[in-house]
Amino acid sequence: MQVPRLHPETIEEVKQRADIVDVISGRVVLRKRGKEFVGLCPFHDEKSPSFTVNQAKQMYYCFGCGAGGNAFKFLMELEKRSFSEVVLDLAKTYQVQVKTVEPEHRQELQRQISLREQLYEISALTAKFYEHALRQTQGQEPLAYLKSERQLSEETIQQFQLGYAPQGWETLYSYLVEQKHYPAQLVEQAGLIVPRKSGGSGYYDRFRNRVMIPIRDTQGRVIGFGGRALGDEQPKYLNSPETELFDKGKTLFALDTAKIAISKADQAVVVEGYFDAIALHAAGIANAVASLGTALSLNQVRQLLRYTDSKQIILNFDADKAGTQAAERAIGEIEKLAYQGEVQLRVLNIPDGKDADEFLKTYSPEQYLELLKTAPLWLDWQLQQMLINQDLKQADTYQQITKKIIKLLTNITDDNQLTHYLQKCAEILSKGDYRLTKMLADNLLNQVINDWGKRLSQDESLTMPLLIRKKLKPSKQYRKQTATSENNRSKESFAAVARTLLEEAEGQLLQIYLHCPEYRQDVRESIEAREVQFSLSHHRFLWHQILNAEILHKMSLQIAPSELILKLQDSLIEYPNQLNQISHLFHLNELSEKNVYRAPLVIRSTLACIEQIISMKRRRIALNMWEKTDAASNCEAALEYHQQFLAEQEWIEELERLRQVNFYDLISVPWSGNF
Ligand SMILES: [Zn+2]
């Protein structure tokens with residue numbers, strides 16, 4: 001959506017009203033811990049919470065991935081929206097009147113905001129209309145269907161706002177458009193009516209003679225509908241089309257009522273159909289959601305993972321062919337997460353090909369819970385699927401299965417998992433012959449190692465299980481490549497080590513400046529006295545921003561860290577790229593906190609380190625030039641380069657004494673190489 005520039009007053013007022021804990025807790029489950037709130041970071045996948053929200057500072061920070069900022073930045077990053085869109089949305093939520101810089105745009109703006117609002121309104125009203133119709137004479141048949149065939153209680157029918165779309169082509173149309181005076185175009189945008197193709201103008205109802213199931217977003221607002229045919233009409237299930245409000249790939253049915261149960265049970269169950277989810281909720285198993293008929297998307301999985309600490313998801317799809325394919329597609333979507341152990345995925349197929357709804361008509365909820373407990377992990381499930389109706393005694397079948405198994409094993413990056421499945425697959429292939437199992441396991445491992453070797457020659461940066469790394473010997477070709485590129489490599493590694501050290505040293509210096517007012521004078525004087533500059537551009541950028549902010553706001557050097565950081569964050573909101581690189585400096589973790597305490601030592605050693613790296617670069621250049629110069633023909637120049645080299649050498653050793661005091665234990669990167 002195109003948004004005109006917002007008036008600074010509006011931005012300021014929104015900032016005042018939209019409390020960060022309130023904003024974030026709508027999207028992440030937060031728990032109070034000490035002065036802060038913690039939760040699972042929505043920006044990276046993690047098992048234990050390292051995402052913190054500080055209410056006093058109105059800031060969030062993730063110790064896992066370094067994401068951090070204020071409420072605006074959180075929504076911008078999470079929902080991939082622009083600054084203005086986020087402010088507008090919050091303005092609406094917190095009822096702040098919106099002013100824009102260009103007054104002529106105001107009307108257009110209001111119109112855009114109100115479009116979504118009106119669509120919510122129409123959808124909610126439609127849900128009520130269908131609910132009402134279910135209680136009329138015309139609703140007798142659908143009500144009987146829900147109560148006897150689906151065996152749903154009055155309470156469940158009301159909880160899910162189930163309803164009935166009456167027969168007739170214009171029932172909803174005449175209610176919304178003629179009676180309630182909503183523009184037909186708007187009702188069409190809500191996906192509820194369809195323009196007539198032939199026979200002139202007008203619209204007809206999309207849903208006719210169907211049991212209606214409202215689909216709600218996580219905040220409980222109706223955004224679309226699923227309609228179940230009563231007779232033999234096709235399709236059996238008809239869904240709302242994608243609209244401004246309804247995005248199938250991002251929505252999970254019943255998540256609004258399931259989210260609390262998911263975090264309580266620390267586990268989410270995903271079923272295929274609306275009535276499976278409803279039946280589970282009715283049976284007291286409320287941590288169930290339905291995937292709206294499409295394959296489960298990565299986006300949907302990430303939503304679920306937000307609510308479960310141990311990342312447990314159980315797919316309970318139908319055991320028929322379509323259900324198996326849907327499970328396989330879902331696994332394909334989230335395979336990478338699963339292989340890395342970032343989601344604990346299980347697949348439940350109910351015996352006799354039943355779905356959850358059918359199962360619960362015969363069996364108790366406890367029996368369903370028992371099935372959940374014993375559901376196989378997804379890799380085991382895949383092995384089972386591979387072996388269905390296969391005769392391993394046939395040589396070609398045996399070979400095919402072995403190939404598939406090796407492919408599966410080569411994808412596992414977790415050591416424990418790999419060991420477990422090597423053994424398990426060997427048992428399967430040996431058909432229980434114990435003497436063969438050990439041999440087969442070794443054989444499988446060798447083939448997996450072989451495959452890894454091939455992959456590695458294409459991409460050296462792969463992370464592999466220790467089990468493979470230990471055994472994998474570089475191939476001849478690989479060794480040859482390494483030898484010829486050794487020279488280049490040492491140059492690269494100097495640059496890499498230097499960069500890592502600079503990142504640490506400069507970062508620490510900036511952190512001391514930000515967090516210790518009493519040492520600011522010290523840092524400044526040392527930098528000026530030694531004529532040192534920040535070498536990394538993002539650090540240089542932050543340093544200039546600090547100096548600018550101090551001048552602009554006439555700050556004293558003693559200004560409180562939180563106040564200085566707040567001012568910086570405000571001025572940095574326009575530079576998201578730089579902000580990403582430096583925002584971790586605004587927060588102290590355990591290590592940096594320790595360093596701040598011994599600031600004087602750190603200032604000395606970090607400056608020495610920065611200077612040393614610059615000196616090393618100069619020494620390198622001198623050495624290069626000396627080597628290139630022919631001493632016989634150009635004796636003077638050669639001598640000068642040599643002396644330069646020696647002088648730098650001496651200076652580097654002197655600096656080494658200064659920084660060695662404590663810098664070694666401050667950094668985790670080993671100082672290696674011979675410069
Ligand atoms: Zn994170």
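Rules used throughout
Residues numbered from 1 in each chain as written. Predicted model: local features only at pLDDT ≥ 70, side-chain atom pairs only at ≥ 80, totals over all residues. Helix = DSSP H or I, 4+ residues; strand = E, 2+ residues; numbered from the N terminus. Buried ≥ 20, exposed ≤ 12 C-beta atoms within 10 Å, placed from the backbone. Contact = placed C-beta atoms within 7 Å. Pairing = 2+ DSSP bridges. Arc of directions from axis to C-beta. Axes fitted to C-alpha atoms, helices over the stretch in contact; angles between N-to-C directions. Expected span 1.5 Å × (residues − 1). pLDDT = per-residue confidence, 0-100. Parallel < 35°, antiparallel > 145°, perpendicular 65-115°, else oblique. Nonpolar A, V, L, I, M, F, W, Y, C, P; charged D, E, K, R; others polar. Core = buried A, V, L, I, M, F, W, Y, C linked by C-beta atoms within 7 Å.

Colleague: Please set out the overall build of the protein chain residue by residue, giving values where relevant.
Modeller: Each helix and strand in the protein chain was counted, giving 30 helices and 15 strands. Going through the 675 residues of the protein chain one by one, you find that 32% of them count as buried. In the protein chain, the share of contacts with a sequence separation of at least 24, taken over all contacts with a separation of at least 6, comes to 64%.

Colleague: Hey, could you go over the sheet that holds strand β2 (residues 36-39) for me, with residue numbers and the actual values?
Modeller: As summarised here, the arrangement of the five strands in space is β1-β2-β3-β4-β5, forming an open sheet in which the pairing is antiparallel. If you trace the sheet from one side to the other, it starts and ends with β1 (31-33) and β5 (68-69), each paired once. The sheet contact formed by strand β3 (residues 51-54) and strand β4 (residues 59-62) spans four bridges and is antiparallel. By the bridge assignment for β4, valine 53 is matched with tyrosine 60.

Colleague: Give me helix α8 (residues 171-179): which residues, what numbers.
Modeller: When α8 is considered as a whole, its buried residues turn out to be Leu172, Tyr173 and Leu176. On an axial view of α8, the arc spanned by its buried residues comes to 100°, and they lie on one face. Structural note: α8 exposes Glu178 and Gln179 on the side pointing more than 90 degrees away from its buried face. Downstream of α8 by one or two residues, histidine 181 has phi in the positive range, about 60°.

Colleague: Tell me what's going on with the environment of proline 351, and back it up with residues and numbers.
Modeller: By secondary structure assignment, the location of proline 351 is in the loop between β15 (344-347) and α14 (356-362). You can call proline 351 exposed: it has 8 C-beta atoms within 10 Å.

Colleague: Let's hear about the sheet that holds strand β6 (residues 163-165): which residues, and what values?
Modeller: With respect to topology, four strands assemble into an open sheet ordered β6-β9-β10-β11, the strand pairing being antiparallel. Both outer strands of the open sheet, β6 and β11 (237-239), are each paired with one neighbouring strand and no more. Within the sheet, the average angular offset between the axes of one strand and its neighbour, ignoring direction, is 35°. Relative to strand β10 (residues 222-229), strand β9 (residues 210-216) is paired through seven bridges, and the arrangement is antiparallel. Each bridged residue has a counterpart across the sheet, and for valine 211 the counterpart in β10 is arginine 228.

Colleague: Pulling in residues and values, what's your account of helix α25 (residues 561-572)?
Modeller: Along its twelve residues, α25 runs 16 Å from first to last C-alpha, staying within 8% of the 16 Å computed at 1.5 Å per residue. Regarding α25, the residues found buried are Leu564, Leu568, Gln569 and Leu572. Axial view of α25: buried residues confined to an arc of 135°, hence all on one face. Exposed residues on α25 whose side chains face more than 90 degrees from its buried face are Glu563 and Asp570.

Colleague: Which residues make up the confidence of the model for the protein chain, and what are the values?
Modeller: Across the protein chain, pLDDT averages 83, with 89% of residues at or above 70. Low confidence marks residues 474-489, where pLDDT is under 50. Its contacts with residues over four positions away, or in another chain, come to four contacts. This stretch, residues 661-675, has a pLDDT under 50; its non-local contacts, to residues over four places away or in other chains, come to 17 contacts.

Colleague: Could you give an account of the packing of helix α17 (residues 395-410) against helix α18 (residues 415-429), with specific residues and numbers?
Modeller: The geometry of α17 relative to α18 is characterised by a closest axis approach of 11 Å and an angle of 175° between their N-to-C directions. Between α17 and α18, the angle falls in the class roughly antiparallel. Two secondary-structure elements touch here, α17 through Thr402, Ile405 and Leu409 and α18 through Leu418, Tyr421, Leu422, Cys425 and Leu429. Residues of the contact of α17 with α18, tallied by class, amount to seven nonpolar, one polar and no charged.

Colleague: So what about the nonpolar core? Which residues, and what values?
Modeller: Counting residues in each nonpolar core, the largest one holds 95 residues, and the members touching the most others are Ala277, Ala288 and Val289. When sequence neighbours within four positions are dropped, the list of residues in contact with valine 289 reads Leu252, Phe253, Ala254, Leu255, Ala258, Ala268, Val270 and Ala277. Of all hydrophobic cores here, the second largest spans 29 residues; its members include Val23, Val53, Leu90 and Val96.

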